[in-house]
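Letter by letter, the chains look like this.
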Amino acid sequence: MRRKPRRVRRLHAKPRGSNRRANPSEASYQSGYEAGYHQGVQAGYSCYDTLFEGTSIIIPSYNQANYLKSCIESIMENTELPYEIIVVDNASTDHTADYLKSLNGQVRFRVLPQNYGFAGAVNAGLMMAKGTTLLILNNDTLVTLNWLENLMICLNSDPHIGMVGPVTNYISGDQQISVSYQDIEEMAEFARMNNVSDPKRWQHTDRLPGFCLLFRRELFEKTGFLDEGFEVGNFEDDDFNVRVRLQGYSLVIAKDSFIHHFGSVSMKALGEQLEEINNRNMVFYMNKWGNPYEWIHQLKDGLKHMAEPSLIEKGERAFYPEAVAVKGTGDRIFWIENGVRRPIEGVWNGAVVRIPQVQLRRWPIGDALSEVEAAAVWTTIQDDSTPFHGKVARGMDGYNYYLEHGFKRKIITEAAEEGWALHLRAGARLTAEQISALPEGLPLIPAIKLRQAL
């Protein structure tokens, strides 16, 4: 294989006037190679969106190659349903990359150029995933007999179930159970006895930690990626739980599925940095949500009837504002209005919010806005001609409200207001009584932070 490039170089470097003719076999080889390469690229493009009826198991990793190897082997030994394994490595400094290459295509993987943290690695895996169901799995776990089958039975039992998780020996919250085994050899028998499908052992919960999360692709497309504003790890799974529950989905523990968890091995390896990272992410979470359960309970207890009936269809974007400019991974800017995204042709001088492409596609595309039309729209939003649309107003309860098509939408935190650049808008010139009289719509939440693209 090494001789071919040298022959090609000599062919191109042939001096003028030389009578040496190109070897026909070389020219045929090069022509065939290029044709095959382009054909392969086109075939890849054509099947990029093709899914398979199975589960994409996404494993974020950072060092700890031996744990990762054990995890992958346990999946291969104990999983009968169709699946693919996707490993996204956060620029490990051990032999993780060499191990992944040694698998010779049994596992799809990507080695990131730097450490994007748990959320960043999971997001890269979600971008790569081809399964109709998706599962996030820690690299320091061992799965067991019937683990995925029982999780799937639970998930598919009710379309209102958003995510399902197993029980384990080591985790925070209701998923931790007492175990009788003393070593890994005994663990397999313990799991075999536990993992007998039984719907009576399913339990609704308020929280599912991210060590093992199963959900449908449909939920991912409605909710989007994990928030990469949570650096390294911790709280990104709590954030995702809240976003799923706001849409009306429930979380369920399938106690008839047990997997072994060695216990946050990568995070513990951070040593003294762990507390600092945890505190920083906790502050980010509180600034983003305040008390997220207040909004969840409001939706359950009465606010939901004020929302549009298409909440389930819209997904998380039902909690995003209209009359804003957004963009996805490209440079094209869209104006969001009346449930559609309108491409802006030309220069846009207003604020632009970046949102993930999977969420951007949730808005149907509408007619384009010219540069002049976009400027006129923005001027109208800023002046007093639309007092009940595109403005921010202060309510009598101390919250700021976003006024949209004659409704008031509570802006849950300053992070939500600043994240959508609404703090730069002109305020509504309305009295507190006028604002109080407006019908209330869904609360407005922040868009997530996403630092990368596939």
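### Section: the overall build of the protein chain
No. 1: Tallying secondary structure elements over the protein chain gives 17 helices and 17 strands in all.
No. 2: Counting across all 454 residues of the protein chain, residues that qualify as buried make up 49%.
No. 3: Total accessible area on the protein chain is roughly 22,000 Å²; 51% of this is exposed by carbon and sulfur atoms.

### Re helix 6 (residues 147-155)
No. 1: Within helix 6, eight of the nine residues are buried, which leaves the element mostly enclosed by the surrounding structure.
No. 2: Of the positions making up helix 6, those classed as buried are Trp147, Leu148, Glu149, Asn150, Leu151, Met152, Cys154 and Leu155.

### Side note on the nonpolar core
No. 1: In terms of nonpolar packing, the biggest core is built from 41 residues, with Leu246, Phe319, Val326, Trp335, Ile355, Trp420 and Leu422 touching the most fellow members.
No. 2: Those elements giving two or more residues to this core turn out to be helix 9 (236-246), helix 11 (273-289), helix 12 (292-301), strand 10 (324-327), strand 11 (333-337) and helix 15 (371-382).
No. 3: Looking at this core element by element, the count peaks at four residues for strand 11.
No. 4: Not counting the four nearest positions on each side in its chain, Leu246 is found in contact with Trp289, Trp295, Ile296, Leu299, Leu311, Phe319 and Ile445.
No. 5: Counting residues in each nonpolar core, the second largest holds 39 residues, with Ile58, Ile136, Phe240 and Ile253 among its members.

### Some points on helix 3 (residues 65-78)
No. 1: Between its first and last C-alpha, helix 3 extends 20 Å over 14 residues, near the 20 Å set by a 1.5 Å rise per residue.
No. 2: Structurally, helix 3 contributes buried residues whose contacts are with strand 1 (52-61), strand 2 (83-89), helix 4 (96-102), strand 4 (131-137), strand 5 (141-142) and helix 6.

### So, the pairing of strand 11
For a regular strand, the rule is simple: side chains alternate between the two faces of the sheet.
No. 1: Among the five residues of strand 11, five are classified as buried, and the element is accordingly described as predominantly covered.
No. 2: Two elements, strand 10 and strand 11, share four bridges in a ladder whose sense is antiparallel. Note on strand 11: the bridge partner recorded for Lys327 is Ile333.
No. 3: Remark: five residues form the turn of the hairpin made by strand 10 and strand 11, two consecutive strands paired antiparallel.
No. 4: In this sheet, strand 12 (residues 340-345) lies alongside strand 11 in antiparallel orientation, the contact comprising four bridges. When the sheet's bridge partners are listed, Phe334 is paired in strand 12 with Pro343.

### A word on the sheet that holds strand 12
Paired through their backbone hydrogen bonds, the strands of a sheet run either parallel or antiparallel.
No. 1: Pairing is mixed across the open sheet formed by five strands, whose spatial order is 13-10-11-12-14. Looking at which strands have only one partner, the edges of the open sheet turn out to be strand 13 (353-354) and strand 14 (369-370).

### Here we look at the pattern of salt bridges
No. 1: Overall, the coordinates contain 15 salt bridges when judged by the stated rule.
No. 2: Its salt-bridge partner being Arg243, residue Glu316 comes within 2.7 Å of it at the nearest N-O pair. Of this pair, Glu316 sits in the loop between helix 13 (311-314) and strand 10 while Arg243 sits in helix 9, and the two are 73 residues apart along the sequence.
No. 3: We note a salt bridge from Glu404 to Arg409, for which the minimum N-O separation is 3.2 Å.
No. 4: Since its relative accessible area comes to 5%, Arg409 is described here as buried.
No. 5: What emerges from the salt-bridge pattern is a single network uniting Asp227, Asp239, Arg243, Lys288 and Glu316.

### Focus: the confidence of the model for the protein chain
No. 1: Per-residue confidence for the protein chain averages 88 on the pLDDT scale, and 87% of its residues sit at or above 70.
No. 2: Of the regions scoring below 50 in pLDDT, residues 1-20 engages in seven contacts with residues more than four places distant in sequence or in other chains.

### Brief notes about the sheet that holds strand 15 (residues 391-394)
No. 1: One open sheet holds the three strands; their spatial order is 15-16-17, and the pairing between them is antiparallel. Whereas interior strands pair on both sides, the edge strands pair on one side only; in this sheet they are strand 15 and strand 17 (407-410). The average angle at which neighbouring strand axes cross in this sheet is 40°, direction not considered.

### Quick word on the packing of aromatic side chains
No. 1: Tallied over the full model, the rule gives 14 aromatic pairs.
No. 2: Geometrically, the ring pair formed by Phe230 and Tyr285 is tilted, given 6.5 Å between the ring centres and 50° between the ring planes. Taken together, the residues span a long stretch of sequence, with Phe230 in the loop between helix 8 (217-223) and helix 9 and Tyr285 in helix 11 at a distance of 55 residues. The same class applies to Phe230 and to Tyr285, which are both buried.
No. 3: Here a set of aromatic residues connected by ring pairs shows up, and it is made of Phe230, Phe235, Phe284 and Tyr285.
No. 4: Here the basic side chain of Arg341 rests over the ring of Phe334, its NZ or CZ set 5.1 Å away from the ring centre.

### Brief notes about unusual backbone geometry
No. 1: One non-glycine residue with positive phi stands out, namely Gln64, at about 55°.
No. 2: By relative accessible area, Gln64 is classed as partly exposed at 22%.
No. 3: For Asn338, which is not glycine, the phi torsion reads 55° and is therefore positive.
No. 4: Assignment of secondary structure puts Asn338 in the loop between strand 11 and strand 12.
No. 5: Residue class for Asn338 comes out exposed when judged on its relative accessible area of 59%.

### So, the pairing of strand 4
No. 1: Of all seven residues making up strand 4, six are buried, and the element is well covered by its neighbours.
No. 2: Pairing of strand 1 with strand 4 involves five bridges; the strand directions are parallel. Note on strand 4: the bridge partner recorded for Ile57 is Leu135.
No. 3: As judged from the five bridges shared by strand 4 and strand 8 (residues 212-216), these two strands associate in the antiparallel manner. The partner of Leu134 across the bridge, within strand 8, is Phe215.

The rules behind these values
Residues numbered from 1 in each chain as written. Predicted model: local features only at pLDDT ≥ 70, side-chain atom pairs only at ≥ 80, totals over all residues. Heavy atoms only, no water. Helix = DSSP H or I, 4+ residues; strand = E, 2+ residues; numbered from the N terminus. Buried < 20%, exposed > 50% of the residue type's maximum accessible area, 1.4 Å probe, protein only. Areas by Shrake-Rupley, 256 points an atom, 1.4 Å probe, with all protein chains shown as cover. Core = buried A, V, L, I, M, F, W, Y, C linked by side-chain atoms within 4.5 Å. Contact = heavy atoms within 4.5 Å. Expected span 1.5 Å × (residues − 1). Pairing = 2+ DSSP bridges. Salt bridge = Lys/Arg side-chain N within 4 Å of Asp/Glu carboxyl O. pLDDT = per-residue confidence, 0-100. Axes fitted to C-alpha atoms, helices over the stretch in contact; angles between N-to-C directions. Phe/Tyr/Trp six-rings, centres within 6.5 Å; stacked < 30°, edge-to-face > 60°. Lys NZ or Arg CZ within 6 Å of the ring centre and 35° of its normal.

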